[in-house]
Amino acid sequence: MKTISNEQLTIQVSPYGAELCSILANGKEYLWQADPAFWKRHSCTFPDCRKCVENQYRNEGIAYTLSQHGFARDMEFTLVSEKDDEVRYRLVSNEETLQKYPFRFVWK
């Protein structure tokens, strides 16, 4: 988890899904804290924000399995840069992602 802050707020970002996990200002949390009793996630839906029928979709006649909201949120992104006021992550397609999503990509 990476934390950056300034005079007004503090944020925390997870390398998994590059999810923004906390926005804290004036002692108050402004972001859903992912209570697993309700929903353990914050955000990050890639490559699809919906649920495929039976977790499958077809592309050019080939069936692919894709869980609800995709796979990026479960993958560790690479930390590209970290400054006092900025954190940047990247996810690049690989053999694992191409098995679920047959398109090359760079998400930064």
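Our subject is the structure that appears above.
Residues numbered from 1 in each chain as written. Predicted model: local features only at pLDDT ≥ 70, side-chain atom pairs only at ≥ 80, totals over all residues. Heavy atoms only, no water.

(A) Structural context of the sheet that holds strand β1 (residues 2–5). Spatially, β1-β2-β3-β4 is the arrangement adopted by the four strands of the open sheet, whose pairing is antiparallel. With partners counted over all chains shown, the strands left at the sheet margins are β1 and β4 (28–29), one partner each. Judged from the four bridges that link them, β1 and strand β2 (residues 10–13) form a sheet pairing that is antiparallel. Bridge pairing links K2 to V13 in β2. (Pairing = 2+ DSSP bridges. Helix = DSSP H or I, 4+ residues; strand = E, 2+ residues; numbered from the N terminus.)

(B) How the structure looks around the nonpolar core. Counting 17 residues, the largest nonpolar core has F46, Y57, F71, L91, Y101 and F105 as the members making the most contacts within it. Broken down by secondary-structure element, the contributors of at least two residues to this core are β2 and β8 (86–92). By residue number, the principal contributor to this core is β8, which donates three residues. Beyond its immediate sequence surroundings of up to four residues, F105 is in contact with F46, F71, L91, V92, S93 and T97. (Core = buried A, V, L, I, M, F, W, Y, C linked by side-chain atoms within 4.5 Å. Buried < 20%, exposed > 50% of the residue type's maximum accessible area, 1.4 Å probe, protein only. Contact = heavy atoms within 4.5 Å.)

(C) The arrangement of the sheet that holds β8 in detail. An order of β7-β8-β9 is seen for the three strands of this open sheet, with the pairing classed as antiparallel. Each edge of the open sheet carries a strand with a single partner, namely β7 (78–83) and β9 (106–107).

(D) Layout of the pattern of salt bridges. What the rule picks out here adds up to five salt bridges. With a closest N to O distance of 3.2 Å, E82 and K2 form a salt bridge. With E82 in strand β7 and K2 in strand β1, this pair connects stretches of sequence that are 80 residues apart. E82 sits in the partly exposed class, given a relative accessible area of 41%. Across the pair K100 and E96 runs a salt bridge, and its minimum N-O distance is 3.8 Å. With a gap of four residues between them, K100 and E96 both fall in helix α1 (residues 95–100), about one helical turn apart. For K100, a relative accessible area of 28% gives the class partly exposed. The class of E96 is partly exposed, set by a relative accessible area of 45%. When salt bridges with common partners are traced through the structure, they connect K83, E86 and R88 into a single cluster. (Salt bridge = Lys/Arg side-chain N within 4 Å of Asp/Glu carboxyl O.)

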